[in-house]
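Structural overview for review
Okay, here's what each chain looks like letter by letter:
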Amino acid sequence: MSNETLRCIEGTRDYFGEDGNRYEKAFAAAANIFSRYGYEKISTPVFEKTELFARGIGEATDIVEKEMYTFKPSSESLTLRPEGTAGVVRAYLQHSMHKQAGLQKLWYGGPMFRRERPQKGRQRQFHQVGIEALGSSDPLLDAEVITMGLAFYASLGITGIKTRLNSIGCKECRPGYRETLKEAVKPLLPTLCKSCNSRYERNILRVLDCKHCADKTKDLPASYDNLCDCCNDHFEAVKQSMDASGTQYVIDASLVRGLDYYTQTVFEYTHSALGAQDAIGGGGRYDGLVEELGGPVTPAVGFAIGVERVMIAMEALSCCNCTAPLMVYGIGLGDAGHRAMAGLLARVRAAGMSADMDYEGRSMKAQMRAANRKNALLTLILGESELEKGIVVVKDMKEGGSQQEVPFDQFLETLRKLVPSGI
Ligand code: HAM
């Protein structure tokens, strides 16, 4: 097999060691924080009909135009999900969740696929954790969702998140704003980049978030100054609620998001440790999507957080000592000691403590080194003489730690006393 075959595909990666721990921590934090706010887990397939994403995300978006992994195993065109919202809405309708009373709060996590140019924080297979709250237009819910995202980062020890906020109006006021924007952009077109020129006709709002042309577009009319009364009231209520809870944010007229389903509130979380791809999460309200996909009018709001970008921030900030210490390392000497140690460790694990041992017939010294490498809190030592006496040596591995001989029938008690609670 060639060396190339043994490399993972460009834009994908393996997660192990410290990185694997950070990855797991991000998913565990999502389960913990989102369930605290009343969200239930949903898992949807990684591929769906292409049309679902084309209709849901929007034909004129970068994702649908050029980033989807689409394949046609039969007459039907399928696509690897580039994001989670469209699939969750499909499931919401398929399982008639809209017919159940009240708001549905759902969270998800898993791989997403976009054929983007790989760079730091931008992959072709990446992971998101996200939430969708379907069935309410209450602006307090928008504020709660934004605050919950911040609670997620905080629970991982990520500080320095900046929240950008904007309102891009609804189907009543946005057409008028689009025209206002077009008029203002027209004279600038010769000075704007190629992609802004092509977006002028197809997706004028995206001209606002072009990083190359930011200098030239910064004084364009803002969407939040062109809202209908209903959207304006909604935006004011979101801001008031965030102010009341002390949630910091900056209003940013250039924030329009890259997916077409948004209405009213849009937001993005950024972090300076990430470099050019500084969005560590983002979302907003999408009151028209359920209807667009064939369901009843259903207001909804949600966000998704990029797990790889969370991992970059965690590493940059040395957020946590991600490797959980091993509680017990067993050193069995000789054949009989080795076999008996395997039995003792089975009891240690059954009692809820983590344990490992040597399987390579190494010397006592080498096994002790292995225990140190694994940051074991305690070692158990069992050789021929201990077996004869019916005892095991329990050694506390911290500097100056004690060593004691404990009868087999009492060693679990001793371990429980020595392992600090909370690990
Ligand atoms: P999005 O802004 O496209 O929104 O993606 C959310 C987050 O996923 C981004 O802020 C970023 O952290 C991460 N992300 C996106 N693309 C990549 C990539 N190629 N490599 C690494 N990370 C990436 C959505 O996906 C919406 N579905 C969010 C949402 C949920 N809106 C409402 N509900």
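Cut-offs applied
Residues numbered from 1 in each chain as written. Predicted model: local features only at pLDDT ≥ 70, side-chain atom pairs only at ≥ 80, totals over all residues. Heavy atoms only, no water. Helix = DSSP H or I, 4+ residues; strand = E, 2+ residues; numbered from the N terminus. Rg over C-alpha atoms; globule rule 2.2 N^0.38 Å. Buried < 20%, exposed > 50% of the residue type's maximum accessible area, 1.4 Å probe, protein only. Lys, Arg positive; Asp, Glu negative; His and termini not counted. Charge placed at Lys NZ, Arg CZ, Asp CG, Glu CD. Near = heavy atom within 4 Å. Polar contact = N/O pair within 3.5 Å; in protein donor to acceptor, adjacent residues only side chain to side chain. Areas by Shrake-Rupley, 256 points an atom, 1.4 Å probe, with all protein chains shown as cover. Nonpolar A, V, L, I, M, F, W, Y, C, P; charged D, E, K, R; others polar. Expected span 1.5 Å × (residues − 1). Arc of directions from axis to C-beta. Salt bridge = Lys/Arg side-chain N within 4 Å of Asp/Glu carboxyl O. Disulfide = S-S within 2.5 Å. Pairing = 2+ DSSP bridges. Axes fitted to C-alpha atoms, helices over the stretch in contact; angles between N-to-C directions. Contact = heavy atoms within 4.5 Å.

Topic: the overall build of the protein
Scanning the protein for helices and strands turns up 15 helices and 16 strands. Taken against the 2.2 N^0.38 rule, which gives 22 Å for 423 residues, the C-alpha radius of gyration of the protein at 27 Å runs more than 25% over that of a compact globule. Taken along the three principal axes of its C-alpha coordinates, the protein extends 90 × 55 × 45 Å. Out of the 423 residues belonging to the protein, those deemed buried represent 49%. Charge-centre separation for the protein: the mean point of 51 positive side chains lies 4 Å from the mean point of 53 negative side chains.

What to know about the site of the ligand
Looking at the ligand, there are 27 residues lining it, with Glu83, Glu116, Gln123, Glu132 and Tyr262 nearest. In this structure, a nitrogen atom belonging to the ligand sits 2.7 Å away from a side-chain N or O atom of glutamate 116. Contact distances for the ligand include 2.9 Å between an oxygen atom and a side-chain N or O atom of arginine 257. In isolation the ligand has 660 Å² of accessible area, and contact with the protein removes 96% of it. When residues of the shell around the ligand are traced back to their parent elements, those giving at least two are strand S6 (125–134), strand S10 (279–285) and strand S11 (300–306). Counting residues per element, the shell around the ligand draws most heavily on S10, which supplies 6 residues. Along the lines of polarity and charge, the residues of the shell around the ligand split into 10 nonpolar, 10 polar and 7 charged.

Remarks on helix H9 (residues 229–244)
The end-to-end C-alpha separation of H9 is 22 Å, in line with the 22 Å expected for 16 residues at 1.5 Å each. The set of residues buried in H9 consists of Cys231, His234, Phe235, Val238, Lys239, Ser241 and Met242. Taken around the axis of H9, the buried residues stretch over an arc of 160°, which confines them to a single face. Exposed residues on H9 whose side chains face more than 90 degrees from its buried face are Asp229, Asp233, Gln240 and Ala244.

Digging into the pattern of salt bridges
Here the structure, examined in full by the defined rule, presents 26 salt bridges. Between lysine 239 and glutamate 236 there is a salt bridge; the shortest N-O distance is 3.1 Å. Here lysine 239 and its partner glutamate 236 are both found in helix H9, 3 residues apart, which amounts to about one turn of the helix. Taken together, the salt bridges that share partners define one network made up of Arg13, Asp19, Arg22 and Glu315.

Some remarks on the state of the cysteines
Enumeration according to the criterion identifies 0 disulfides in this entry. Free of any disulfide, cysteine 173 has its nearest cysteine sulfur in cysteine 228, 3.6 Å distant. Free cysteine: cysteine 213, not disulfide-bonded; nearest cysteine sulfur from cysteine 193 at 3.7 Å.

Considerations on the pairing of S11
By the criterion of burial, S11 is predominantly enclosed, with 7 of the 7 residues buried. Where burial is concerned, the two faces of S11 agree: the one with Ala300, Gly302, Ala304 and Gly306 and the one with Val301, Phe303 and Ile305 are both buried. The pairing of S6 with S11 spans 7 bridges and is classified as antiparallel. Residue pairing in the sheet places valine 129 in a bridge with isoleucine 305 of S11.

Some thoughts on the sheet that holds strand S13 (residues 355–357)
Taken together, the 5 strands give an open sheet; going across it, the order is S13-S12-S14-S15-S16, and neighbouring strands pair in mixed fashion. In this open sheet, the two strands that pair with only one neighbour each are S13 and strand S16 (403–407). On average, adjacent strands in this sheet sit at an angle of 25° to one another, irrespective of strand direction. One ladder, built from 4 bridges, connects strand S14 (residues 378–382) with strand S15 (residues 391–396); its direction is antiparallel.

Re the sheet that holds strand S1 (residues 40–41)
Taken in spatial order, the 8 strands make up an open sheet running S1-S5-S6-S11-S10-S9-S7-S8, and their pairing is mixed. For this open sheet the edge positions go to S1 and strand S8 (250–251), each flanked by a neighbour on one side alone. Contacts from helix H5 (residues 139–155) reach strand S5 (104–113), S6, strand S7 (162–167), strand S9 (263–270), S10 and S11, with the element oriented near 10° to S9.

A few points about the environment of cysteine 213
With respect to the helices and strands, cysteine 213 occurs in the loop between helix H7 (194–202) and helix H8 (214–217). The class of cysteine 213 is buried, set by a relative accessible area of 2%. In this structure the C-alpha to C-alpha distance between cysteine 213 and cysteine 193, which are 20 residues apart in sequence, comes to 6.8 Å. Beyond its immediate sequence surroundings of up to four residues, cysteine 213 is in contact with Leu192, Cys193 and Cys196.

What about the pairing of S7?
Of all 6 residues in S7, 5 are buried, a share of seventy percent or more. Taken together, the 6 bridges between S7 and S9 define a ladder with antiparallel strand orientation. Note that in S9 the partner of leucine 165 across the bridge is phenylalanine 267. Two strands pair when backbone bridges link them, and S7 and S8 are joined in this way by 2 bridges, in the parallel orientation. From the neighbouring strand, leucine 165 faces S8, where its bridge partner is isoleucine 251.

Considerations on the side chain of serine 241
Residue placement: serine 241 occurs in helix H9. For serine 241, a relative accessible area of 18% corresponds to the buried category. Beyond its immediate chain neighbours, meaning those up to four positions away, serine 241 contacts Leu140 and Ala143.

Observations concerning the side chain of threonine 50
Tracing the backbone through its elements, the reader meets threonine 50 in helix H2 (residues 50–57). Polar contacts involving the side chain of threonine 50 include one to the main-chain amide nitrogen of leucine 78, which spans 3.3 Å. Threonine 50 has contacts with Met68, Thr70, Ser77, Leu78 and Thr79, leaving out every residue within four places of it along the chain.

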